[in-house]
Amino acid sequence: MTIVWHVDPNDIEPADGWPGLAEAGRLLAAGETVAFPTETVYGLGADATNTAAVEAVFQAKGRPSDNPLIVHIADWAQLDGLVAEVSDTARRLMARFWPGPLTLVLPVRPGAVSPRVTAGLDTVAVRMPAHPVALALIRAAGCPVAAPSANRSGRPSPTLAAHVREDLDGRIAGLVDAGPTGVGLESTVAEVIGDSVHVLRPGGVTAAEMQAALPDCTVVSGGSHAGEADGRTTTGDGVEPPSAAAAAADAADALAYVPKSPGIKYTHYAPKGVLTIVRPSITVSSASALGDSDPDPDPDPLCGWVQKQIRAARQQGERTGVLTTRSRAPLYDADLVIGCGDADDLEAAAHGLYAALRDFDEAGIARMWAEAYPEGGLGEAIMNRLLKAAGGRIVGLSSQS
Ligand code: TXA
Ligand code: MG
């Protein structure tokens, strides 16, 4: 039922376009839904000006209707038709990062897109993806293309065409398969307010990169807590109360002006099993936090603690999983251990994260633990997604008591 076109993005685009894209573009223009690759994740596209088409996207995904969509453009000329104005600061960001994984929230030109795209807001989120196939498809469609990630709502975003088929086969008109996406996490969503840039969702473009491009402006980023409206640090057995540092960060978030992004209140990227993030903490003694009075110093208390949880889960008959870096993966013994990127290779971690979450589901893992990644650069987006996947469950372990 879903037509699939295969396109090799490494081929030079033929003068008359890649085979299949003309048909995919015609379907989009005719109000159908077509999934396509971008440099971040696969998107599920529809003509942004066509309310019935946009409704079909919400329908296929099972997405709450008050969560607005990103509009994708291929040419600068398309921007003016969509927005009422673009500030100098926003223009500088576009000049530096478009095409690329940065979405800007801008004042919408009244009537430019279906009100279902903006969910009734007076702003529209726009981006120009850095993917030759996405750009060719948008041009073939001849309209601005509204596209959320092409996953069922609540599932990890798709980084492979196979992920799109898992979630949406038969529910959408077409799928352009051009292999794996690049970044692996969604675009950064940002809004310019006066002289500051507010990061609503960390993503492929880091806050530091934007700050470097705009030395005279302030880039406000909430760290991995950004947008965690319902994120929480849980307490309970073996789980620390919020650390002083995390509490301070939360308080700072609450005080900072962060404009509303409706999507942030929903649980995203949730694996089917229960995921807990573990990270070293400087504020809690391991003896009290872990109820562990072992006087022998553990050379790797983090791994030791997780293995203890794994043993307990296995005794309950649960399948267990660990997500960590490639270099630390050999330390673990669980039903599925995934080494994803490394502390000094966060690009690889971002690239593999969603596929890893899907692999845990596939393997029927009921309980899994993920080691925290460093939070600098792309680590901010990685930890933001991991925290959401974990429903905010995070455990801080002190490296020594
Ligand atoms: O990389 C990406 O951004 C991918 C690819 C397909 O482009 N798209 C994507 O779309 O991640 P989606 O729908 O999964 O996420 C869009 C986010 C949501 O959090 C939504 O609330 C926010 O952007 N958003 C959209 N329009 C907005 C607006 N006018 N104001 C504030 N936030 C907005
Ligand atoms: Mg999404």
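(A) Layout of the overall build of the protein chain. Within the protein chain, the secondary structure is distributed over 13 helices and 16 strands. Expressed as a percentage of the 401 residues in the protein chain, the buried residues total 54%. Here the contacts in the protein chain between residues at least 6 apart in sequence split such that 71% fall between residues at least 24 apart.

(B) Summary view of the side chain of serine 187. Within the secondary structure layout, serine 187 lies in the loop between strand S8 (174-177) and strand S9 (188-193). A distance of 2.7 Å separates a polar atom in the side chain of serine 187 from a polar atom in the side chain of threonine 103. Not counting residues within four places of it along the chain, the set of residues in contact with serine 187 comprises Thr40, Ile70, Pro101, Leu102, Thr103, Arg127, Arg201, Pro202, Gly203, Gly204 and Arg385.

(C) Structural context of helix H2 (residues 51-61). Residues of H2 that are buried include every one of Ala53, Val54, Val57, Phe58, Ala60 and Lys61, and no others. The buried residues of H2 occupy one face: seen down the axis, they fall within an arc of 165 degrees. Exposed positions of H2 whose direction lies more than 90 degrees from the buried face are Ala52 and Gln59. Those residues of H2 hidden inside the fold are in contact with strand S3 (43-47), helix H5 (115-118) and helix H7 (161-168). Between the side-chain oxygen at the start of H2 and the backbone nitrogen of alanine 52 there is a gap of 3.0 Å, and the oxygen is on asparagine 50. Looking one or two residues beyond H2, the residue adopting positive phi is glycine 62, at roughly 70 degrees.

(D) Local environment of the nonpolar core. Counting 71 residues, the largest nonpolar core has Leu79, Leu93, Trp98, Leu102, Val126, Val176 and Met210 as the members making the most contacts within it. Tallying contributions element by element places helix H6 (residues 132-141) first for this core, with seven residues. When near neighbours in sequence (up to four residues on either side) are disregarded, methionine 210 contacts Leu93, Phe97, Leu102, Thr188, Ala190, Val197, Val199, Val205 and Val219. Within the second largest apolar cluster, 29 residues are counted, among which are Val41, Leu185, Leu323 and Leu346.

(E) Main features of unusual backbone geometry. With an omega dihedral of -10 degrees, the bond running from tryptophan 98 to proline 99 counts as a cis peptide bond. With respect to the secondary-structure elements, proline 99 resides in the loop between helix H4 (88-97) and strand S5 (102-107). At alanine 119, a residue that is not glycine, the phi angle is positive and equals roughly 50 degrees. Among the secondary structure elements, alanine 119 is positioned in the loop between H5 and strand S6 (123-127).

(F) Just the sheet that holds strand S15 (residues 367-371), in detail. Spatially, S14-S13-S15-S12-S16 is the arrangement adopted by the five strands of the open sheet, whose pairing is parallel. Single-partner strands in this sheet number two, and they are strand S14 (336-339) and strand S16 (394-397). Mean inter-strand twist for the sheet, computed between neighbouring axes without regard to direction, equals 20 degrees. Most of the contacts of helix H11 (residues 301-315) go to S15, to which it runs at about 175 degrees, and overall it touches strand S12 (274-280), strand S13 (320-324), S15 and S16.

(G) Just the pattern of salt bridges, in detail. Applying the stated rule across the entire model yields 17 salt bridges. For the salt bridge of arginine 116 with glutamate 55, the shortest nitrogen-to-oxygen distance reads 2.8 Å. Taken as a pair, arginine 116 in helix H5 and glutamate 55 in helix H2 lie far apart in primary sequence, 61 residues in all. On the accessibility criterion, arginine 116 (21% relative accessible area) is partly exposed. A salt bridge links aspartate 167 to arginine 155, with the shortest nitrogen-to-oxygen separation between them at 3.3 Å. With a gap of twelve residues between them, aspartate 167 in helix H7 and arginine 155 in the loop between strand S7 (145-146) and H7 connect regions that are remote in the sequence. Taken as a pair, aspartate 167 and arginine 155 share a single burial class, namely buried. Bridged by salt links that share partners, the residues Arg155, Glu166, Asp167, Arg358 and Asp361 form one connected network.

(H) Highlighting the site of ligand 1. In the neighbourhood of ligand 1, 26 residues make up the surrounding shell, with Thr40, Arg63, Asn67, His72 and Ser187 lying closest. For ligand 1, a nitrogen atom lies 3.0 Å from a polar atom in the side chain of threonine 123. Arginine 201 places a side-chain nitrogen or oxygen 2.9 Å from an oxygen atom of ligand 1. Protein chains bury 96% of the 680 Å² of accessible surface belonging to ligand 1 in isolation. Of all elements in the fold, only strand S4 (70-72), S6 and strand S10 (196-201) reach the threshold of two or more residues within the shell around ligand 1. The greatest single-element share of the shell around ligand 1, amounting to three residues, is contributed by S6. For the shell around ligand 1, the residue count by class is twelve nonpolar, nine polar and five charged.

(I) Structural view of the sheet that holds S3. Read across the sheet, eleven strands follow the order S1-S8-S2-S3-S7-S4-S6-S5-S9-S10-S11 without closing on themselves; strand pairing throughout is mixed. Only two strands of the sheet have a single neighbouring strand rather than two, namely strand S1 (3-6) and strand S11 (218-220). The pairing of S9 with S10 spans five bridges and is classified as antiparallel. Note on S10: the bridge partner recorded for isoleucine 193 is serine 196. In the packing of helix H1 (residues 21-29) onto the sheet, contacts are made with S1, strand S2 (34-36), S3, S7 and S8, and the angle to S1 comes to roughly 140 degrees.

(J) Quick peek at the environment of arginine 358. Assignment of secondary structure puts arginine 358 in helix H12 (residues 346-362). Along the chain, arginine 358 and histidine 163 lie 195 residues apart, while their C-alpha atoms are 8.4 Å from each other. In this view, arginine 358 contacts Asn151, Arg155, Pro156, Ser157, Pro158, His163, Glu166 and Asp167; residues no more than four positions away in its chain are not counted. Of the polar contacts made by the side chain of arginine 358, one reaches the side chain of glutamate 166; its length is 2.9 Å. At 3.0 Å, the side chain of arginine 358 forms a polar contact with the side chain of aspartate 167.

Calculation rules
Residues numbered from 1 in each chain as written. Chains lettered and ligands numbered in written order. Predicted model: local features only at pLDDT ≥ 70, side-chain atom pairs only at ≥ 80, totals over all residues. Heavy atoms only, no water. Helix = DSSP H or I, 4+ residues; strand = E, 2+ residues; numbered from the N terminus. Buried < 20%, exposed > 50% of the residue type's maximum accessible area, 1.4 Å probe, protein only. Contact = heavy atoms within 4.5 Å. Polar contact = N/O pair within 3.5 Å; in protein donor to acceptor, adjacent residues only side chain to side chain. Arc of directions from axis to C-beta. Core = buried A, V, L, I, M, F, W, Y, C linked by side-chain atoms within 4.5 Å. Pairing = 2+ DSSP bridges. Axes fitted to C-alpha atoms, helices over the stretch in contact; angles between N-to-C directions. Salt bridge = Lys/Arg side-chain N within 4 Å of Asp/Glu carboxyl O. Near = heavy atom within 4 Å. Areas by Shrake-Rupley, 256 points an atom, 1.4 Å probe, with all protein chains shown as cover. Nonpolar A, V, L, I, M, F, W, Y, C, P; charged D, E, K, R; others polar.

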